Amino acid sequence: MSEINIYQRELDNLEQSKLFLKKRNLTSSEYRIELEKLIENYEDIVSQSKVITKISDRLQKKLDQTNEKLYNRNIQLQDTIDELTKTKISRKATTIVFIVAIILFLILESIIEPYIEKFTGFYTALFIKLGIALLIKPAEMLLEHSLLKKARKEKLIVTET
Amino acid sequence: MESLIIKKTKQTPEINFNAQSGVLEIKGRSIPENSFEFYTPVLSWIDQYIKKPNENTIIKVYLEYFNTSSSKFILEIFKKLQKIQNIDNKNILIEWYYDKNDEEMMETGKDYKDVTELPFEIIINE
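Overview of the structure.

Thresholds, definitions, all that
Sequence order as written defines residue numbering, which begins from 1 separately in each chain. Here chains are named by letter from A upward and ligands by number from 1 upward, in the order in which they appear as written. This being a predicted model, a pLDDT of at least 70 is required before a residue's local features are given, and a value of 80 or more before pairs of side-chain atoms are given or counted; all residues contribute to the totals for chains, interfaces and linings. Each side-chain value is worked out from all heavy atoms of the structure, with water and hydrogens disregarded. Helix and strand definitions follow DSSP, with helices as H or I runs of at least four residues and strands as E runs of at least two, each counted in order from the N terminus. Buried residues are those whose accessible area, probed at 1.4 Å on protein chains only, stays under 20% of the maximum for their type, while exposed residues exceed 50% and partly exposed ones sit between those limits. Surface accessibility follows the Shrake-Rupley procedure with a 1.4 Å probe radius. Residue values consider only the protein chains on display as shielding. When charges are counted, neither His nor the chain ends are considered; positive counts come from Lys and Arg and negative counts from Asp and Glu. Where a charge sits is defined by one atom per residue type, namely NZ (Lys), CZ (Arg), CG (Asp) or CD (Glu). Criterion used throughout: strands pair if DSSP finds at least two bridges between them. Orienting the strands away from the viewer, one traces the path from the first strand over the helix to the second; a clockwise path indicates a right-handed crossover. Definition of nonpolar core: a set of buried residues of the types Ala, Val, Leu, Ile, Met, Phe, Trp, Tyr and Cys, connected through side-chain atoms within 4.5 Å. Contacts are residue-level and defined by heavy atoms, with any inter-residue pair within 4.5 Å sufficient. Take the number of residues in a helix, subtract one, and multiply by 1.5 Å to get its expected span. Here the buried area means the combined drop in accessible surface, using a 1.4 Å probe, for two parts upon being joined, counting both sides. Here a salt bridge means any side-chain nitrogen of Lys or Arg lying within 4 Å of a carboxyl oxygen belonging to Asp or Glu. Counting of polar contacts relies on pairs of N or O atoms within 3.5 Å, with two restrictions inside protein: one atom must be capable of donating a hydrogen and the other of accepting it, and residues adjacent in sequence are counted only when both atoms are side-chain atoms. Note that Gly is not counted as nonpolar here; it falls among the polar residues with everything else outside the nonpolar set of Ala, Val, Leu, Ile, Met, Phe, Trp, Tyr, Cys and Pro and the charged set of Asp, Glu, Lys and Arg. Side-chain rings of Phe, Tyr and Trp (the six-membered ring for Trp) are treated as a pair once their centres are within 6.5 Å; stacked means planes under 30 degrees apart, edge-to-face means over 60, and tilted covers the remaining angles. Whenever a helix is involved, its axis is fitted only over the stretch in contact; in every case the axis is a line through C-alpha atoms, and angles between N-to-C directions fall within 0 to 180 degrees.

**Looking at the overall build of chain A**
Across its full length, chain A holds four helices and zero strands. Sequence-ordered secondary structure for chain A, helices as α and strands as β, is α-α-α-α. A burial count over chain A gives 19% of its 161 residues as buried. As displayed, chain A has an accessible area near 13200 Å², and 64% of this comes from carbon and sulfur atoms. The averaged location of the 23 negative side-chain charges in chain A is 3 Å from the averaged location of its 26 positive side-chain charges.

Written out as structure tokens, the structure is:
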């Protein structure tokens, strides 16, 4: 409906020319006048079509460029969110491993160490402590990896729903 | 004659046509679902205005984006306003504003300038 209406003036002109053609006993000068009018209208339509097509193409280009910018911004935003999630998870893993290490150290120091020292000697207890200290970093990495995997899985479920 | 004021929406531009001052402003984006419905009162107002226009008429266009059917109606507005030029002692000027980064809108202004026979200024909107 809208498409018909926006060309109402042009359609009216066309209708007038059609009505003119149906008339009988017209003089050549009347035909000439009508033809001139028709040419004038036609010229107007051609010039309108040229400018509207040009403008429409340009606006389409503008829209495409905006879409592309939006797409790139989305990627940047997603990268930032991923980076933030990773940092958050990494901090969480460090805290957990650190707490577990302290608990283990306390247990070792207060409960297990006296027995170890009694039966095997001072160096065994020292090696166990060293072992716990060396395991901190791999344990942290393992936990971080596991938490990241879980977060990605949850994100995937949210995206799908 | 009363002024024509239409508030801006997400899809339609702000229209502020002041018959007393002769300043007709179109601002915003024009992507109405039904352009005919939106522009019909605008064109009717112009039909009335050109019967008794102000001594100086300035039409200021600040459009950021518009669809194809709107481009046809904008052209229609300019064509109607061309009639003012034929009236003695009446002046008309179109001021086409564009953002300095919006080259497309500047080019579009040039296209309108080429097709209309009106004094046309293309101005950077700072």
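Moving on from the model shown.
**Let's talk about the pairing of strand 3 (residues 23–30) of chain B**
All names here are of chain B. Bridging between strand 2 (residues 14–18) and strand 3 involves five bridges; their strand directions are antiparallel. Its bridge partner being in strand 3, I15 is matched across the sheet by I26. Once strand 2 ends, the chain turns through four residues before running back antiparallel as strand 3, passing G22 with a positive phi of about 80 degrees. By the bridge criterion, eight bridges tie strand 3 to strand 4 (residues 56–66) in an arrangement that is parallel. The partner of K27 across the bridge, within strand 4, is Y62. With respect to chirality, the unit in which strand 3 leads through helix 1 (residues 35–49) into the neighbouring parallel strand 4 is right-handed.

**Quick word on the nonpolar core**
Among soluble globular proteins, nonpolar side chains are generally buried collectively. Formed by 41 residues in total, the largest nonpolar core has its most connected members in I77(B), F78(B) and Y112(B). At the level of secondary structure, the elements contributing two or more residues to this core comprise helix 3 (28–119) of chain A together with strand 2, strand 3, helix 1, strand 4, helix 2 (68–85), strand 5 (91–99) and helix 3 (103–115) of chain B. Leave out the neighbours within four places in its chain, and F78(B) touches I59(B), V61(B), I94(B), W96(B), Y112(B), T116(B), L118(B) and F120(B).

**Observations concerning helix 2 of chain B**
Here helix 2 of chain B contains 18 residues, and its C-alpha end-to-end distance of 27 Å stays within 8% of the 26 Å for a straight helix at 1.5 Å per residue. Taking burial as the measure, the 18 residues of helix 2 of chain B include 14 buried ones, the bulk of the element.

**A word on the interface of chain A and chain B**
Think of interface size as the accessible area that goes away when the parts come together; that is how it is often given. Each partner contributes to the interface: chain A provides 20 residues, whereas chain B provides 22 residues. Roughly 1900 Å² is buried in total at the junction of chain A and chain B, and carbon and sulfur atoms are behind 62% of that figure. Linking chain A with chain B are six salt bridges, by the criterion used here. For the salt bridge of K62(A) with D102(B), the shortest nitrogen-to-oxygen distance reads 2.7 Å. Between chain A and chain B we count ten residue pairs in polar contact (both at pLDDT 80 or more) in total. Put simply, the parts of the chain that give the side of chain A that touches chain B at least two residues each are helix 1 (2–6), helix 2 (8–22) and helix 3 of chain A. Top element by residues in the side of chain A that touches chain B is helix 3 of chain A. It accounts for 14 residues. Its residues assigned to classes, the side of chain A that touches chain B comprises seven nonpolar, six polar and seven charged.

**A look at the packing of aromatic side chains**
How two aromatic rings sit relative to each other is given by the distance of their centres and the angle of their planes. Residues and elements named next belong to chain B. Counted according to the given criterion, the structure contains eleven aromatic pairs over all chains. Taking the centre distance of 5.4 Å and the plane angle of 90 degrees together, the rings of F78 and Y112 count as edge-to-face. With F78 in helix 2 and Y112 in helix 3, the pair connects residues that are 34 residues apart, well separated along the chain. Relative accessible area serves as the criterion here: at 0%, F78 is assigned to the buried category. In this structure an aromatic cluster arises from ring pairing among F66, F78, W96, Y112 and F120.

**As for the sheet that holds strand 3 of chain B**
Residues and elements named next belong to chain B. Ordered in space as 1-2-3-4-5-6, the six strands form an open sheet in which the pairing is mixed. Each end of this open sheet is capped by a strand with a single partner; those strands are strand 1 (4–6) and strand 6 (120–125). On average, each strand axis in the sheet is tilted by 15 degrees relative to the strand beside it, whichever way the strands run. Pairing of strand 1 with strand 2, which is carried by three bridges, proceeds in the antiparallel orientation. Each residue of the ladder has a partner; that of L4, found in strand 2, is F17. Along the sheet face, helix 1 touches strand 1, strand 2, strand 3 and strand 4 and points at about 10 degrees away from the line of strand 2. Contacting strand 3, strand 4, strand 5 and strand 6, helix 2 runs over the sheet at an angle of about 170 degrees to strand 4.

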